[in-house]
Structures are given as C-alpha cells and as structure tokens.
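# Residue-level structure breakdown
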Number of protein chains: 2
Amino acid sequence: MSTHSFQAPKGTRDFFPADLAVRRHIEAAWRSASVDCGFDEVEGPTFEHLELYTAKSGEGIVNELFSFRRAGGENDYALRPEFTPTLARMVAARAGSLPVPVKWFAIPNMFRAERPQRGRLREFVQWNVDVCGTEGAATDVDVIACAILALERLGLTPKDVQVRLSHRVAIARMLGALGVPEEKTGEAMTLLDRRDKLKPEEFAARANALGLSADGVARFDLAARATAPLSAPLAELAGRIGIAESELHTLDEVRACAARAGILDWCAVDVGIVRGLAYYTGTVFEVHEISGAERAVAGGGRYDGLVELFGGPKMPACGFGMGDVVLANILRDRKLLPEDGSALLPRPDAFVISAGGEQAEAELPRLLMALRREGLHARTTSKATRNVGKLLGEAGKARARFAVILGAELAEGAVALKNLDAGTQETVPLAGLALRLRERSDSAR
Amino acid sequence: MSTHSFQAPKGTRDFFPADLAVRRHIEAAWRSASVDCGFDEVEGPTFEHLELYTAKSGEGIVNELFSFRRAGGENDYALRPEFTPTLARMVAARAGSLPVPVKWFAIPNMFRAERPQRGRLREFVQWNVDVCGTEGAATDVDVIACAILALERLGLTPKDVQVRLSHRVAIARMLGALGVPEEKTGEAMTLLDRRDKLKPEEFAARANALGLSADGVARFDLAARATAPLSAPLAELAGRIGIAESELHTLDEVRACAARAGILDWCAVDVGIVRGLAYYTGTVFEVHEISGAERAVAGGGRYDGLVELFGGPKMPACGFGMGDVVLANILRDRKLLPEDGSALLPRPDAFVISAGGEQAEAELPRLLMALRREGLHARTTSKATRNVGKLLGEAGKARARFAVILGAELAEGAVALKNLDAGTQETVPLAGLALRLRERSDSAR
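Residues numbered from 1 in each chain as written. Chains lettered and ligands numbered in written order. Predicted model: local features only at pLDDT ≥ 70, side-chain atom pairs only at ≥ 80, totals over all residues.

## Some thoughts on the overall build of chain A
Note the cut-off: Put simply, DSSP H or I for four residues or longer makes a helix, DSSP E for two residues or longer makes a strand, and each gets a number counted from the N terminus. Computation of the radius of gyration draws on C-alpha atoms, with the globule rule given as 2.2 Å multiplied by the number of residues to the power 0.38. Three exposure classes are used. Buried residues have 20 or more other C-beta atoms within 10 Å of their own C-beta, exposed residues have 12 or fewer, and partly exposed residues fall in between, all C-beta atoms being placed from the backbone. Note on contacts: residues are paired as contacts if their backbone-placed C-beta atoms lie within 7 Å.
A tally of regular secondary structure across chain A gives 15 helices and 18 strands. Taking 22 Å as the expected radius of gyration for a compact globule of 445 residues, we find that chain A reaches 28 Å, considerably beyond that expectation. By its C-alpha atoms, chain A is 95 × 60 × 45 Å across when sized along the principal axes. Sorting the 445 residues of chain A into buried and exposed places 47% on the buried side. Across chain A, every contact between residues at least 6 apart in sequence was considered, and the portion connecting residues at least 24 apart equals 67%.

## Let's talk about the interface of chain B and chain A
The test is simple: Here the nonpolar group is Ala, Val, Leu, Ile, Met, Phe, Trp, Tyr, Cys and Pro; Asp, Glu, Lys and Arg are the charged ones; every other residue, Gly included, is treated as polar.
Each partner contributes residues to the interface: chain B has 66 residues there, and chain A has 66 residues. Top element by residues in the side of chain B that touches chain A is helix H13 (residues 358-373) of chain B. It accounts for 6 residues. Partitioned by chemical class, the residues of the side of chain B that touches chain A number 35 nonpolar, 15 polar and 16 charged.

## Section: the environment of Val100(A)
All names here are of chain A. Within the secondary structure, Val100 is located in the loop between helix H3 (84-93) and strand E5 (102-106). Take Val100: there are 13 C-beta atoms within 10 Å of it, and that puts it in the partly exposed class. Residues Val100 and Leu433, spaced 333 residues apart in sequence, show a C-alpha to C-alpha distance of 50 Å.

## Description of the confidence of the model for chain A
The criterion, for reference: Across the chain, each position has a pLDDT score giving the predictor's confidence in that residue, from 0 to 100.
Averaged over every residue, the pLDDT of chain A is 92; the share at 70 or more is 95%. Under the prediction, the complex receives an ipTM of 0.95, its pTM being 0.96.

## Quick word on the nonpolar core
So the rule is basically this: In this usage, the nonpolar core is the set of buried Ala, Val, Leu, Ile, Met, Phe, Trp, Tyr and Cys residues whose C-beta atoms join them within 7 Å.
Formed by 244 residues in total, the largest nonpolar core has its most connected members in Cys146(A), Ala147(A), Ala350(A), Cys146(B), Ala147(B) and Ala350(B). The residues touching Ala350(B), leaving out its near neighbours within four places in the chain, are Leu371(B), Leu376(B), Ala378(B), Ala400(B), Phe402(B), Val404(B) and Leu437(B). Ranked by size, the runner-up nonpolar core spans 25 residues in total, among them Phe68(A), Leu79(A), Val125(A) and Phe111(B).

## As for the relation of the copies chain B and chain A
Where we set the bar: For this overlay, a least-squares fit was computed on C-alpha atoms, restricted to residues scoring pLDDT of at least 70 in both copies.
In the superposition of chain B on chain A (RMSD 0.1 Å, axial shift 0.0 Å), the rotation amounts to 180 degrees. Taken together, the rotation angle and the small translation identify this as a two-fold axis. For chain B, the minimum C-alpha distance to the rotation axis belongs to Phe68(B) and amounts to 2.7 Å. Of the residues that chain B buries at the interface, 100% are likewise interface residues in chain A, meaning the two copies contact each other through the same surface.

## Description of the packing of helix H13 (residues 358-373) of chain A against helix H10 (residues 250-261) of chain B
This is how the line gets drawn: The angle between two axes is taken between their N-to-C directions and runs from 0 to 180 degrees, where each axis is a line fitted to C-alpha atoms and a helix contributes only its stretch in contact. Oblique is the label for any angle not covered by the other classes, which are roughly parallel (under 35 degrees), roughly antiparallel (over 145) and roughly perpendicular (65 to 115).
Where H13(A) contacts H10(B), the axes come no closer than 7 Å and their chain directions differ by 60 degrees. Relative to H10(B), H13(A) is oriented oblique. On H10(B), the residues that touch Ala362(A), Pro365(A), Arg366(A) and Met369(A) of H13(A) are Cys257(B), Arg260(B) and Ala261(B). Classifying every residue of the contact of H13(A) with H10(B) gives 5 nonpolar, no polar and 2 charged.

## Some remarks on the sheet that holds strand E17 (residues 414-419) of chain B
Residue and element names in this part refer to chain B. Here is the rule we go by: Any two strands are treated as partners once DSSP identifies two or more bridges connecting them.
Taken in spatial order, the 5 strands make up an open sheet running E15-E14-E16-E17-E18, and their pairing is mixed. In this open sheet, the two strands that pair with only one neighbour each are strand E15 (378-380) and strand E18 (425-429). Sheet twist, expressed as the average angle between the axes of neighbouring strands with direction ignored, equals 30 degrees. Strands strand E14 (350-354), E15 and strand E16 (402-406) of the sheet are contacted by H13, whose axis makes an angle of about 165 degrees with E14. Across the face of the sheet, helix H14 (residues 388-397) comes into contact with E14 and E16 while running at roughly 165 degrees to E14.

## A word on the sheet that holds strand E2 (residues 47-49) of chain A
All names here are of chain A. Strand order across the open sheet formed by 3 strands is E2-E4-E3, with antiparallel pairing between neighbours. Edge positions in the sheet fall to E2 and strand E3 (67-69), since each has one partner strand and no second. The sheet shows a mean angle of 35 degrees between the axes of neighbouring strands, direction not considered. Both E3 and strand E4 (residues 76-79) contribute to a ladder of 3 bridges, which runs antiparallel. Bridging across to E4, Ser67 finds its partner in Ala78.

## With respect to helix H1 (residues 17-36) of chain B
Residue and element names in this part refer to chain B. Selection criterion: One less than the residue count of a helix, multiplied by 1.5 Å, gives the span that helix is expected to have.
The first and last C-alpha atoms of H1 sit 28 Å apart over 20 residues, in line with the 28 Å expected at 1.5 Å per residue. For H1, the complete set of buried residues consists of Pro17, Leu20, Ala21, Val22, His25, Ile26, Ala29, Trp30, Ala33, Ser34 and Asp36. Directly after H1, the chain includes Gly38, whose backbone phi takes a positive value near 85 degrees.

## Quick word on the environment of Ala33(B)
Residues and elements named next belong to chain B. The residue Ala33 is located in helix H1 in this model. Its 26 C-beta neighbours within 10 Å are what place Ala33 among the buried residues. Along the sequence, Ala33 and Ala150 sit 117 residues apart, while their C-alpha atoms lie 5.3 Å from each other.

## Some remarks on the pairing of strand E12 (residues 298-302) of chain B
Residue and element names in this part refer to chain B. The element E12 is largely enclosed, with a buried count of 5 among its 5 residues. Sheet analysis places strand E11 (residues 283-289) next to E12, joined by 4 bridges and oriented antiparallel. Among the inter-strand pairings, Val287 is bridged to a residue of E12, identified as Ala298. As judged from the 5 bridges shared by E12 and strand E13 (residues 317-323), these two strands associate in the antiparallel manner. Within E13, the position partnered with Gly300 by the bridge is Phe320.

## What to know about the environment of Ser342(A)
Residues and elements named next belong to chain A. Mapped onto the elements of the fold, Ser342 is located in the loop between helix H12 (324-333) and strand E14 (350-354). Taking the number of C-beta atoms within 10 Å as the measure of exposure, Ser342 has 15 and is therefore partly exposed. In the structure, Ser342 is positioned 326 residues away from Phe16 in sequence and 9.7 Å away in space, judged by C-alpha atoms. The contacts of Ser342, once residues within four sequence positions are left out, are Pro17, Ala18 and Ala21.

## Focus on helix H4 (residues 137-153) of chain B
Residues and elements named next belong to chain B. Look at H4: 24 Å from first C-alpha to last across 17 residues, which is about the 24 Å you get at 1.5 Å a residue. Most of H4 is tucked away, with 14 of its 17 residues classed as buried. Count one or two residues on from H4 and you reach Gly155, which has phi positive near 100 degrees.

## A word on the pairing of strand E5 (residues 102-106) of chain B
Taken residue by residue, a regular strand's side chains alternate between the two faces of the sheet. All names here are of chain B. Summarising burial for E5: 5 of the 5 residues are buried, a large majority. Side chains Val102, Trp104 and Ala106 of E5 all project onto a buried face; the interleaved residues Lys103 and Phe105 project onto the opposite face, where all are buried too. Note: strand E1 (residues 40-41) against E5, 2 bridges, orientation parallel. Pairing of Glu41 across the sheet is with Phe105, part of E5. Inspection of the sheet shows E5 paired to strand E7 (residues 123-132) by 5 bridges, in the antiparallel sense.

## Side note on unusual backbone geometry
Residue and element names in this part refer to chain A. Pro101 follows Val100 through a cis peptide bond whose omega is 0 degrees. Position of Pro101 relative to the elements: it lies in the loop between H3 and E5. One non-glycine residue, Arg399, lies in the positive phi region at around 65 degrees. Its place among the elements puts Arg399 in the loop between helix H14 (388-397) and strand E16 (402-406).

Have a look at this one:
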C-alpha cells in the first residue's frame, strides 16, 4: 500500500470528533430553521445517472464531475455535484400525489472535481431548501427568510452577512432600457455575472460588443456594480444607472414581502447578481460576507421551468443551496465557533468512579448500563487507578456534569454525587439516582 | 435524456419525507445510544484511495467496489464499501495524540456494487461503533451493549433479535480438539462461516478434506450448528460437541461481563459465528432476527491488528457495523414502525390562519416569522380560501398542535388559540403568544 492511501483523498476531509461537532452545529441550525419554517427533509442517492446532470447543464459540466462506469456495466454514473436535479426528478416522479406546495429541504454531501482552494473542496455539505408549486414574491421571501433564520441561529447579524438579491425580469428590463438588444439579454447577464472576474477594460470591451453606445457602456458598468439597501426607494437606484424606476418594479413586491417578514435589514439589491445558470427565471439572490472577501455563502432563486425539464409538469419553483465550507470560515473569523470544537460535543451527565473494593467494582458496570438505559450519557475511566482525586480530574476533563463515586456508602445502598460545575457533593440513594441525575441535567441545559 | 435517468440508479433510494423520517428515527436511536455509551461521532470522505481497500481485503474486493479514476487523473478511488479502513486510517494518523481508549461511532453511507436483493442495496447507511486501545471482554461487551441499547430504543426485545457470539480463540481451540490440524484452522473457520450456504454433502466433503476422521466430521458438523444461551453452562455445550469445557474458556469472561451489564438475556453462543474476514482476533458476534430468516442486522468483533495494518501502532480494537436495510425490514415486520412514516415527522407547533381582512393578512407573515424566530415550528396555508373551518381541517392534516386564528380579536391585539388535540379554544394576547405556545408544546412532548 503506497503512502498516499493513508491520507484522505485531496479535497476531502477527515472529521475527527471536534471537527464533526462543528459540522453538526451548523447542520443543526440548518435543520431546525428548515423544520420551523415548515419544510420536510428529503434525501436522494449519492450518485445519479450521468445524464441527469449533462441534460440540464450540457456536456461542459462533465469535467467538474466525478463520473464512473462499473467494469462490464452499461451505465455512466456521477457523484452528485448539486441536489437540484435529484429534487426535480423526485418531484416530477410524484407530481400528481404530492401536497402543493412541496416544501422540502435536504442536507446532502456534494462532489466537485475542481482544484481545491479556500472555500471550495471536492466533497462538502450543502443545505438545500426548495418550494415547488407556488409563484410570487411571498414564496421567494419565505425561502430567503429560512436562510436568514439559520444564519441568526448561528449568531450572524446583518453586520456580518447580507442577502444580495435581484430579479431577472427587472434586470432584463433594465438591460433593455440601457440599450441592450433583446437577443443579447442572455449574453449581457453572463457578463453581469462575471463582472468581478474580468479586468475593467475587458468588461468594457464586452459591454461594447453588446451593441451599446459609449454612454450605454458607462451606464452598464455603473449598473453592474450598483447596490442599495432593499429598504431604500428604487427611484434612487434607477436614477443612479439612468433608467426609469418602473423598469425595476418586480423588486417592489419582494421588498414588500421582506418588510412584512421583518428581514428587510438583511437584504440589499445588487444589480450584478444574476446567477450563472440559465434556468433562473425571477428573484435571484446570494448570501455574502459583508466585505465581499469570501465566496458566496449561499445562492438561489426562482427557476420555474426546472421540474418540467426533468419530466414533470409545468411547476413554479424557488430554492437555494448553502455550503458548509465558506459558512464555517465566516463563523470562525467572527469568533462564532469555539477555538476547540470539542466544546460543542454533548456533555456527559455522569462520570462513574469506583473508589475500589469488590462491591464497587461489581456495581460499576451494572450502574453504567442502568444509567444509559435511562437515557443518560454515562462514562467511566479505563485506567486502573482507583485514586478518586485523579479520577475526578478525568471526569472534569470529560466535561461531565456530575461524578458518581462508588465508595463506602455502597454498603448502605448509596453513592456520593458530586456536581462538577457547582463543586457541591451529597450522598444519594442508588435507587432513584438516574431520576435525580436527569432532573438536574435537564435544568442545567 | 433517456428515461432511466429520471429514476434513481438501481439499488439506490429516493427518500421522500415519510421514508426519510423512518431513516432518521433509526439513526436517532443509533446516535443517542452511542452518545449515552460515551462514544464520539466521526466521519470521513465518501470515497477513498482504492488501495485503502485492496490492501486489507486483496484484489478480490474490487468487483464489489464502485471504483473510478478521473479523466487525466493518476489516482484510483472507490466509494467506501465499509467504514473500518477509514477509521483505522484516522486512528493511525493521530495515534500519538488521541485519548485512549478511542471510542468512536459513525453513521456513514456505504456502497457495494452487488446485485440488489432483499436486505442488500447498492447504497445504504451503516452505524459503526469502535473502541481502540483497550483489550479484554469488558470492552467487547461495552460495544455489544451499545448495539443492544439502540435495539431496545427501537422497541426490539430478546424475543425479536439475538446477539449470537463466539470467540475466535475458543473456536481455534475447539477445532484443535476436534482434530483439525493447526495449519488448517483458517480453512476450517471459512467453512464454519459458510455453513448455511453449503449443501450438507458439500459441507461434509470439505470437513473431510480438513483431515478429520469420520467421527471428527460428525462432531464438526454438530459444532457448526451448535448454539446455547450465553447464560447456560459451557460444559453442556462442550459436551454436546465432544470437547473439554476448558477449550471454550475464553467465552467465560464474555459471559461474566455480559451478566454484570445486564444483557445476558440478549446473547447466545453460536459456534458457527466466526465472521468471514480474516482480521478478527477474539470475540466475534452478529445480531440476527430470532428466526434466522433475515440477513444479519449487525456484525463485528475484536480485530487487534487492524490499526497497525493501516500504518498505526500496535493497538487492540473492537467494533461492529449495523446497516439500516435489514433493521428496517425487521422493525416493519414487528410493527415497530408506523404504516405511514409521516407519523414520525416533527409536528408543527402552530398552524396560523387568517380569517380574512386587511389587518389579518398583514399580520400573518409577520407572526409566522416571529414564531419561527422563537424556535417554534409554524406553518400556514397556501390556499386562497379564508374559510376557517376548511383551514382548521388543513391544520389537523398537518398534525399541528395548535391553530392560531387571526380574526376579529386582532383589533384588540388578540388571537384565537385552538388546541387541536384537546379541541379547546381560548382568546390570547398576541404579545406573549410565542411563550404560551412553547410552554404548551413542551409539556405535550
């Protein structure tokens, strides 16, 4: 066996307990926000038929996929690079019998055969939230509010991250008002999407190639970088890029819904947000760290044609994906994660200690299992020592709430119960110990 | 796109909400049992270097693997068919700094490129529980007790499933006592492992080829099928297969530990259990449905050389894996799962209804988000109707605990709160509604 096989493949991660505790902490915020917002969890296969991905995104995506074929097999498969095709396939398969709207979330692992770099790995976890079956800004905002709820639960505020949103219909009208001919709308959107990746002169040359006048290019350039709080009047933004306010009117309803849901302070209009993929049809948004220094935390929007593309009926839909990698980087930068992820691991309710002697040694394994059967998290030492002081130290290191000491009191059917947070100790009958521990651990949580 | 790409690949599953609720129910039992028994959760990559698997199990395993190589890439990868190599690799990588014993669990998805059949899929979930660093029957029983704790939490009893166990050292000594030459011990164990897959005459022929006398073959045949409650004296079992009790003595300590932990009634000695893989070195066990009709629910044992094989130090280890597929079949057969998995989905705390009117319509989205921000699971209708009776019906179908009705009382800053379980209704001030709902939902849980 060569040395490299002793390591995780490039771009993948080993999650030791402290690492996984951080991931579970993030997933718990995702899951609880989804459930509270009325989404049901779904999951699909880790790999799909390769065609599921090439059909929507073209053959170009193949280079970014981990695809494979079994020896002697007939089918090409690919590790899933995103969840949306699986979701659309599942909705399409049961479109006749599912309650409308379909409100689903998923927390699948995803795979991209790209070069690993900051914020981008070959295997990562991505929260997906989708609504299928209802149109309108209220649904779009329902989905965005769910993302915000999870970010709030992780300790983030509008000072840390921002939902940058736009609306494809508004952008198309704006492009028309700027002088982009209708047949070049798609090309212009691609250019908007790539605005931060191109040099200024390259951007100008491509804007020019859209058939814009010199003035049009200048206004297009302004528009591509134009942002404003969603709470600000659209007239101001329209004036800045030299178009009529009415061209942006589809953003009005988004603002009204966001105001009613109380999430206006999280949101900004960003004319440059159009999302790369051609299948978006209405509201589009990305969640970004406020300085813009990191990759997008999340991205999504409305894609009304998607379910139909995967063999289902015509069905409006809206959703987003949020990855764990960039989010964890931001939480770490903001000190919203403990230095050592172990602090997020579940605390033991009881650390059971034998002070030595035949009775204690026989009682210990019985008590451990009895406590566990009562739903308590119970640990003990594997060391040979029966030095109670040393073992109390080990109990403290394990972050146990209580130490249960099996000593001389056992002869009277009792044990010493030490509250390791408060430092207090009392003698407690063995019968009913589980109940006492549970009451106290519950109240401490 | 051809028709097959609209379906999940053969042997994989789409988990619609009711399906995933069942899987999450099983995983919750696994996870809580693991945590209560003092195990920390870990996770690794979904795919590993192919060599990680071929090194331990030989090239033969390649046919059962989904392996792949990226176009232009240099490395062969495989979707993980088991978690133990990843675990051993991770322990080996940090052997010097991990606390001893390492007590880890994982709930990874696994992949086998086999023909799908009852109890066997190409993608499944497998609970893994492992202890590295401590020897002895107490550790073996600690691991077995954790499996039993999860089975208990799922509603199973010793009348439903049984832990069938044995000890490789006892079996080796037994084989010697039956007349198997030492160099054929491995071959004899393979034969024991395959006892149920071979026809009687085939089994006899192979037993004969081990160099046994006619009497030896007959006793070997008896031994291969010999089982006894772990609580029964070993002398009886030894007598039945014609060997001295002392040959089986390593099972004594297992029994003593199982008795102290209070799990003796779950356990039986089964001389035919040796586990196929050559790396087991001590106690071995499988969990089986009591009639033996299904595949094994779980399998594991002691494998003291494993961490060393993956580049780590010499380190004793013991663990097991339990898959979700066979377990769910047994739970379903025993009526321990609801007919419709939806019954396992989280219940909404509140279903918010507008009885119509401008104030109610404006209040509804605000209240929904406010309740969700308070950690309550709040839903509403997407229907246009404002018929409260119909909407109460929808709330009931959604299994909501309470309906919050925004009606005439809103003018006084109040709402109607209907307890959908009890059928009672009262008027409650809007301020403080979240607190009231939470108190009542908590007490109902």
